[in-house]
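Architecture and fold: a report
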Amino acid sequence: RSDAYSRELGLTPGQALFTHSTILGYVPPAPPDVVLALHACDTATDEALALGVKQGASLIMAVPCCHKHVHKQLAGARGNAISPLQPLMRQGIVRQRVLDLLTDTLRA
């Protein structure tokens, strides 16, 4: 559908191309100017960054994963969290931010 929309906007395949593939299996027809990874989960962010570097992209933009793995691991932690963390796990938005920060810290 994305290809159809881009044609409706007057873009040619040389201007906008959409492909369904794994990141590791993707071989671009020409080096990309931009590599964009939005909410790429697990190792997909790392794979997109590596692709952009390997292909010599001028611009690489990445929004890392949605942190689903840490969230799943701590899903039941509200009542079982280590004592100092229990107050942080009670409120949804605070819990979300703490888990996001924890994931970002572990990825760094």
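Here's what I pulled together on the structure shown here. Quick caveat, the model's predicted, so the values are computed rather than measured.

As for the environment of Leu99
When you line up the elements, Leu99 lands in helix 6 (residues 92-107). For Leu99, a relative accessible area of 0% translates into the label buried. For the pair Leu99 and Leu88, spaced 11 residues apart in sequence, the C-alpha separation works out to 9.7 Å.

Side note on helix 2 (residues 44-55)
A turn of α-helix holds 3.6 residues, and therefore any two residues three or four places apart point the same way. Between its terminal C-alpha atoms helix 2 stretches 16 Å, which fits the 16 Å expected from 12 residues at 1.5 Å a residue. Taken together, the buried positions of helix 2 are Ala44, Thr45, Ala48, Leu51 and Gly52. Across the axial projection of helix 2, the buried residues extend over an arc of 125 degrees, all falling on one side. Residues Val53 and Lys54 are exposed on helix 2 and point more than 90 degrees away from its buried face. Just past helix 2, the residue Gly56 takes up positive phi, approximately 75 degrees.

Quick notes on the side chain of Ser6
Tracing the backbone through its elements, the reader meets Ser6 in helix 1 (residues 2-8). Within polar-contact distance, the side chain of Ser6 engages the side chain of Arg7 at 2.7 Å. Apart from residues no more than four positions distant in its own chain, Ser6 is found in contact with Leu11, Ala16 and Phe18.

Criteria and thresholds
- Residues numbered from 1 in each chain as written.
- Predicted model: local features only at pLDDT ≥ 70, side-chain atom pairs only at ≥ 80, totals over all residues.
- Heavy atoms only, no water.
- Helix = DSSP H or I, 4+ residues; strand = E, 2+ residues; numbered from the N terminus.
- Buried < 20%, exposed > 50% of the residue type's maximum accessible area, 1.4 Å probe, protein only.
- Expected span 1.5 Å × (residues − 1).
- Arc of directions from axis to C-beta.
- Polar contact = N/O pair within 3.5 Å; in protein donor to acceptor, adjacent residues only side chain to side chain.
- Contact = heavy atoms within 4.5 Å.

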